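Geometric and topological summary
Read off the chains here:
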There are 2 protein chains.
Amino acid sequence: MIGIDLQNRKPIYEQIVEQFQTLIVNGVLEPDSQMPSVRSLAMELSINPNTIQKAYSALEQEGYIYPVKGRGNFVSGNAGLRLKKQEGVYRELRELVGRSRELGISCEEFTERAERYYREGQKE
Amino acid sequence: MIGIDLQNRKPIYEQIVEQFQTLIVNGVLEPDSQMPSVRSLAMELSINPNTIQKAYSALEQEGYIYPVKGRGNFVSGNAGLRLKKQEGVYRELRELVGRSRELGISCEEFTERAERYYREGQKE
DNA sequence: TCAAGTGTACTACGAATACTAGTACACTTG
DNA sequence: CAAGTGTACTAGTATTCGTAGTACACTTGA
């Protein structure tokens, strides 16, 4: 179901995240169905369970799956709707980036501020 | 006029950038006045000229100064106005980050896309 | 109850990246 | 043309990132 390319420059955990995103958004993985366990998938791909864990953590933070301690990870129910709204945000981001460049805001300055705003929001 | 803190975790060139930003925005350095040369400032701070150069490059990209080959770097005239507009962009960014987090978009995903949009715009 | 399954936290090591320095080159001015 | 300026290239060190190793905590069913 999942395959990784060790030649690829992209980190393994990132490749896994993207493939699961596609599977979930396209409905191949149905809501509330169980994800492969970190160990079984790690065994299947011949990599470390912690790498799967890192991918799952990312998927969780992005709302694609939810974890249940001692039981496993499961596909989130509202992943589809959420994705629509996310796409809207991405369009706005693209537009904002365009204006930023015109104003001479560097890519680094832009992303650094975004990170800071993310951190500030976490505290609340 | 400029001081650096080697204990600080922030890179030296970044410290320099921030201090000059403040000086320029507050009008301490007047438009079209000459910046310290990369060598003289490097000598004064006992660091490498290339580090100053990196700071100046960043300031140039953000529109705070402009370079003249063989003559030096000078304070940009419209730094004040440009900054007002930049602050507007930053407010929008903060708002967009807030909505992104609610939608479960990770900080990494957000910044990675921003960088991609930056790169895409460069080609044109 | 407990064994086998699950996720999670901590540390560690190698690779990749970032920061700074060294050196050399090109342009401007008096 | 000499002394000042910015700029490009390379290189070494420090920091960060990705992955693996190990150990711990929770859930379930026999």
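Calculation notes
Residues numbered from 1 in each chain as written. Chains lettered and ligands numbered in written order. Predicted model: local features only at pLDDT ≥ 70, side-chain atom pairs only at ≥ 80, totals over all residues. Helix = DSSP H or I, 4+ residues; strand = E, 2+ residues; numbered from the N terminus. Contact = placed C-beta atoms within 7 Å. Buried ≥ 20, exposed ≤ 12 C-beta atoms within 10 Å, placed from the backbone. Near = placed C-beta within 6 Å. Nonpolar A, V, L, I, M, F, W, Y, C, P; charged D, E, K, R; others polar. Expected span 1.5 Å × (residues − 1). Domains from an automatic or database assignment.

**Describing the overall build of chain A**
When helices and strands are tallied, chain A shows 5 helices and 2 strands. When the helices and strands of chain A are listed from N to C terminus, the series reads α-α-α-β-β-α-α. Structurally, chain A occupies a C-alpha span of about 50 × 35 × 30 Å along its principal axes. Relative to all contacts within chain A whose residues are 6 or more apart in sequence, the contacts with residues 24 or more apart total 51%.

**Remarks on unusual backbone geometry**
If you check the backbone angles, Ser 46 of chain A has positive phi at about 60 degrees while not being a glycine. With respect to the helices and strands, the residue Ser 46 of chain A is situated in the loop between helix H2 (38-45) and helix H3 (49-61). Classification of Ser 46 of chain A as exposed rests on a count of 8 C-beta atoms within 10 Å. Although it is not a glycine, Asp 32 of chain B sits at a positive phi angle of roughly 65 degrees.

**Focus on the protein's contact with DNA strand D**
Taken together, 24 residues are adjacent to DNA strand D, and Pro 11, Ile 12, Asn 48 and Gly 70 of chain A together with Ser 37 of chain B come closest. Among the elements that make up the surface near DNA strand D, the one with the highest residue count is helix H3 (residues 49-61) of chain B (4 residues). The residue makeup of the surface near DNA strand D, split by class, is 8 nonpolar, 11 polar and 5 charged.

**Some details on helix H4 (residues 79-102) of chain B**
Residue and element names in this part refer to chain B. The terminal C-alpha atoms of H4 lie 35 Å apart, and with 24 residues this matches the ideal 34 Å at 1.5 Å per residue to within 8%. Turning to H4, its buried residues are Ala 79, Leu 93, Leu 96, Val 97 and Ser 100. Count one or two residues on from H4 and you reach Gly 104, which has phi positive near 80 degrees.

**Quick word on the environment of Tyr 117 of chain A**
Residues and elements named next belong to chain A. On the secondary structure map, Tyr 117 appears in helix H5 (residues 107-123). Residue classification places Tyr 117 among the buried positions, given that 21 C-beta atoms sit within 10 Å. Residues Tyr 117 and Gln 19 lie 98 residues apart in sequence; the distance between their C-alpha atoms is 29 Å.

**Comments concerning the protein's contact with DNA strand C**
Around DNA strand C there are 24 residues in total, and Ser 37 of chain A together with Ile 12, Ile 47, Asn 48 and Gly 70 of chain B lie nearest to it. Put simply, the parts of the chain that give the surface near DNA strand C at least two residues each are H2, H3 and strand S2 (72-75) of chain A together with helix H1 (12-25) and H3 of chain B. Of the residues assigned to the surface near DNA strand C, the class counts are 8 nonpolar, 11 polar and 5 charged.

**Comments concerning the interface of chain A and chain B**
Taken together, the contacts link 32 residues of chain A with 32 residues of chain B. Sorting the residues of the side of chain A that touches chain B by element identifies H3, helix H4 (79-102) and H5 of chain A as the ones contributing at least two each. The leading source of residues in the side of chain A that touches chain B is H4 of chain A, at 14 residues.

**Considerations on the domain arrangement of chain A**
According to the domain assignment, chain A contains domain 1 (12-77) and domain 2 (80-123). Between the C-alpha centres of domain 1 of chain A and domain 2 of chain A there is a distance of 26 Å.

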